[in-house]
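Letter by letter, the chains look like this.
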Amino acid sequence: MEITEKAPAKLNLYLDTPFQHSNGDFEWEMVMTTVDLADYIHIETLPDYDQIIVQTDSGFLPCDHRNLTYQAAKKIKQHFSINVGLKISIQKNIPVAAGMGGGSADAAAVLRALNKLWKLGLSPQKLANFGLSLDSDVPFCVYSEPALVTGKGEIITPLNELPAMWFIIAKPPASVSTPFILKQVDHQKLHHQNIEQLVTGIKSQDFKQITANMSNVLEPITAKRYPEISKIKNKMLQFGTSAALMSGTGPTVYGVCEKYSRASRVYNSLRGFCEEVYLVKPVSLKDKKDASKNDLV
């Protein structure tokens, strides 16, 4: 049997951390969306029940137990005592170590795919609970639709679809270590904005209210170490985006435009300053036809 699952990248429209738990975990307040830049995960079953093979077309990813797709597959196999081997092939399109949740998206795609392949009947919330132990972004990536994300990343509250908008995404050459950036966080010095204004803007489909209330408390921390983040952000605003923000712990920066014509102009202008630039729109896996290409043999 085999199945192919789409794994869309995520962008943070809002990222805040109110405090840190006693065990070191961060409490999060985030609003995220997925965009139409995606990896594709192809899974085939193998006769050797103990085998999990991971292969990828990217030279930057580990293909052993360190890969989150390996960990996701092993967790499901062990929990349900499924004696079937797996070959996981990752077609990589999302930049690595970019703040766009590529590894988490891939792991979430494995959870969704195996849920379908083996007819486990798990709800998105159950899959999200499996995913939380892998990475705090995996629960959101299981849903892959606009959502408010709270707690340690496991509380997912789906929101309305976003209004018409386009994202111009630019990834500088730097690769950022999330653990390193989180170690720099001093919760007493963070500047918190009101997440409710953004949530209300999404619910009312108000493009201006959304772009006026986007925020990432980690951006000043990462940008201090990687000044190219601020340079790209300023270029985006100069070229005409309605807003620009770093995603996750960076270094990816994205700009937002309401009209495709303006977004296209910004995209073309940015390509002179940054090698990796993408022009995409929001996407939601609630559209089942877009979510996967089942090929059960």
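Residues numbered from 1 in each chain as written. Predicted model: local features only at pLDDT ≥ 70, side-chain atom pairs only at ≥ 80, totals over all residues. Heavy atoms only, no water.

Caption draft 1: The arrangement of the pattern of salt bridges in detail. Scanning the entire structure with this criterion turns up nine salt bridges. The partner of lysine 116 in a salt bridge is glutamate 5, with the nearest N and O atoms 3.0 Å apart. Placement of the pair is lysine 116 in helix 2 (residues 102–117) and glutamate 5 in strand 1 (residues 2–16), with a sequence separation of 111 residues. When its relative accessible area of 0% is taken as the criterion, glutamate 5 is described as buried. The closest approach of N and O atoms between lysine 233 and glutamate 219, which form a salt bridge, is 2.7 Å. Of this pair, lysine 233 sits in helix 9 (residues 228–239) while glutamate 219 sits in helix 8 (residues 219–225), and the two are 14 residues apart along the sequence. Of the two residues, lysine 233 and glutamate 219, neither departs from the other in class, the shared state being buried. A single network of salt bridges, built from pairs that share partners, joins Glu5, Arg112 and Lys116. (Salt bridge = Lys/Arg side-chain N within 4 Å of Asp/Glu carboxyl O. Helix = DSSP H or I, 4+ residues; strand = E, 2+ residues; numbered from the N terminus. Buried < 20%, exposed > 50% of the residue type's maximum accessible area, 1.4 Å probe, protein only.)

Caption draft 2: Main features of helix 9. The first and last C-alpha atoms of helix 9 sit 16 Å apart over twelve residues, in line with the 16 Å expected at 1.5 Å per residue. Looking at helix 9, one finds that the buried residues are Ile229, Ile232, Lys233 and Met236. For helix 9, the angular spread of the buried residues around the axis is 100 degrees, confining them to a single face. Exposed residues lying more than 90 degrees from the buried face of helix 9 are Lys231 and Gln238. (Expected span 1.5 Å × (residues − 1). Arc of directions from axis to C-beta.)

Caption draft 3: Representation of the nonpolar core. Among the nonpolar cores identified, the biggest contains 98 residues, and Val31 and Phe167 are the most heavily contacted of them. At nine residues, helix 2 tops the list of elements feeding residues into this core. (Core = buried A, V, L, I, M, F, W, Y, C linked by side-chain atoms within 4.5 Å.)

Caption draft 4: Local environment of the side chain of threonine 249. Its place among the elements puts threonine 249 in the loop between strand 9 (243–246) and strand 10 (253–257). Ignoring any residue separated from it by four or fewer positions in sequence, one finds threonine 249 in contact with Gly99, Val176, Thr178, Ile181, Leu182, Leu218 and Thr222. (Contact = heavy atoms within 4.5 Å.)

Caption draft 5: A look at the layout of surface pockets. In this model, the largest pocket occupies a volume close to 1,000 Å³. What lines the largest pocket is a set of 43 residues, among which Leu68, Ser104, Asp135, Asp137 and Thr178 lie closest to the centre. Breaking the lining of the largest pocket down by element, the ones donating at least two residues are strand 1, strand 2 (28–46), helix 1 (68–79), helix 2 and helix 5 (178–183). With four residues, the top contributor of residues to the lining of the largest pocket is helix 2. The residue makeup of the lining of the largest pocket, split by class, is 19 nonpolar, 16 polar and eight charged. (1 Å grid on protein atoms, 1.4 Å probe; cavity = no way out; pocket = protein on both sides within 12 Å on 5 of 7 lines; lining within 4 Å. Points joined across faces, edges and corners; volume = space filled by probe spheres on them. Nonpolar A, V, L, I, M, F, W, Y, C, P; charged D, E, K, R; others polar.)

Caption draft 6: Local environment of the side chain of histidine 42. You can see histidine 42 is positioned in strand 2. The residues touching histidine 42, leaving out its near neighbours within four places in the chain, are Glu2, Ile3, Thr4, Lys87, Ile88 and Ser89.

Caption draft 7: Spatial organisation of the sheet that holds strand 10. Pairing in this open sheet of four strands is antiparallel, and the strands run 9-10-7-11 from one edge to the other. With partners counted over all chains shown, the strands left at the sheet margins are strand 9 and strand 11 (276–280), one partner each. Ignoring strand direction, the axes of neighbouring strands in this sheet form an average angle of 20 degrees. In the sheet, strand 9 pairs with strand 10 via four bridges, with the strands oriented antiparallel. The partner of methionine 246 across the bridge, within strand 10, is valine 253. (Pairing = 2+ DSSP bridges. Axes fitted to C-alpha atoms, helices over the stretch in contact; angles between N-to-C directions.)

These results come straight from atomic positions and should not be treated as a statement about function.
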